[in-house]
Amino acid sequence: MADNTLVLATRNAAKLRELSRILTTEGPGRPQVALAGLDAFPGAPEVPETGATFEENALLKARAIAAYTQLPAVADDSGLCVDALSGMPGVLSARWAGGHGDDQANLDLVLAQVADVPQARLGARFVCAAALVVPAPDDGTSREWVVTRQVEGQLTRVPRGAGGFGYDPIFVPDGFEQTTAEMSPEAKDAISHRGRAFRALAPFIAEGLQAGLDRLATLC
């Protein structure tokens, strides 16, 4: 692996493409990185999302993957929080219908649960916590950063659009008429919860990669 390798703690192909776009787009504070997903690390653990918050889950995953790969690792936990469902599915978004990662079943269940809710009360938000962990040097102290961002919007009654993933087809961000599944990838990245979170994390990634390089230098 290259010295500037950053491991994205996901096997979700759609999420990996999205994070790659966000983190490799040129701009102030954007580090130059070589990105690798978990498919590049056979045997990397599946980390249970046992935290009570998005931040806890993101850190759980980033810590485990940094420890396994001995490379800086980023992870996120994100989800849909619906006002009429008291903020749920929240951290349970990926397994709301029971199985993990069944996007269609999760989306269908949310729509069924708000079927009798007036449109004016269908406020919702996408929330993303993004974490970076740089493996511990010889003193055993890893370096960690976590940021949280969100985008407010409304649910639709009927899914629209073929882009994105998860709950994108039923979420319209405030100020827009399209669902995030109807937006181009670039337009979605510009306003999405994940885009905002990883752009906020980018300066810390640059700092973390330098810390990783400094650690490697002490081992040589």
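Right above here is the structure, for reference.
The model shown is predicted, which means the values in this text are computed figures rather than measured ones.

> Quick question: what am I supposed to make of the nonpolar core here?
Nonpolar side chains in soluble globular proteins tend to end up buried together. Membership of the largest hydrophobic core comes to 21 residues, with the highest contact counts inside it found for Val7, Phe41, Phe54 and Ile65. Broken down by secondary-structure element, the contributors of at least two residues to this core are α2 (54-69), β3 (73-82) and β4 (123-134). Per-element accounting of this core gives the leading share, six residues, to α2. Discounting residues that sit within four places of it in the chain, Val7 has contacts with Ala36, Leu38, Phe41, Ile65, Thr69, Leu71, Pro72, Ala73 and Val74. Grouped together as the second largest cluster of nonpolar side chains are 19 residues, Ile22, Leu23, Val74 and Leu201 included.

> Explain the pairing of strand β5 (residues 143-155) here, please?
Moving residue by residue along a regular strand, the side chains alternate between the two faces of the sheet. Two strands pair when backbone bridges link them, and β4 and β5 are joined in this way by twelve bridges, in the antiparallel orientation. Considered in β5, the bridge of Phe126 is made with Val151. Of the strand pairs in this sheet, β5 and strand β6 (residues 171-173) are connected by three bridges, and their pairing is antiparallel. Directly across from Gln154, in β6, lies its bridge partner Val172.

> What is the right way to look at helix α3 (residues 103-113) in this model?
Because an α-helix completes one turn every 3.6 residues, residues spaced three or four positions apart along the sequence face the same direction. Within the span of α3, buried status applies to Asn106, Leu107, Val110 and Leu111. Projected down its long axis, α3 carries its buried residues within an arc of 130 degrees, all on one side. Elements in contact with the buried residues of α3: β3 and β5.

> Whenever I open this one, helix α1 (residues 13-24) confuses me. Can you help?
If you check α1, its first and last C-alpha atoms are 16 Å apart, about what twelve residues at 1.5 Å a residue would give, namely 16 Å. Within α1, burial applies to Lys15, Glu18, Leu19, Ile22 and Leu23. An end-on view of α1 places all buried positions within 120 degrees of arc, on one side of the element.

> Looking at this structure, how should I read the sheet that holds β6?
What holds strands together in a sheet is hydrogen bonding between their backbones, with the strands either parallel or antiparallel. In space, the six strands of this open sheet follow the order β2-β1-β3-β4-β5-β6, with mixed pairing throughout. The sheet is open, and its two borders are formed by β2 (34-37) and β6, each paired with just one other strand. Taken pair by pair, the neighbouring strands of this sheet meet at an average axis angle of 35 degrees, ignoring direction. Lying over the sheet, α2 contacts β1 (5-8), β3, β4 and β5, oriented at roughly 160 degrees with respect to β3.

Definitions and limits used
Residues numbered from 1 in each chain as written. Predicted model: local features only at pLDDT ≥ 70, side-chain atom pairs only at ≥ 80, totals over all residues. Heavy atoms only, no water. Core = buried A, V, L, I, M, F, W, Y, C linked by side-chain atoms within 4.5 Å. Buried < 20%, exposed > 50% of the residue type's maximum accessible area, 1.4 Å probe, protein only. Helix = DSSP H or I, 4+ residues; strand = E, 2+ residues; numbered from the N terminus. Contact = heavy atoms within 4.5 Å. Pairing = 2+ DSSP bridges. Arc of directions from axis to C-beta. Expected span 1.5 Å × (residues − 1). Axes fitted to C-alpha atoms, helices over the stretch in contact; angles between N-to-C directions.

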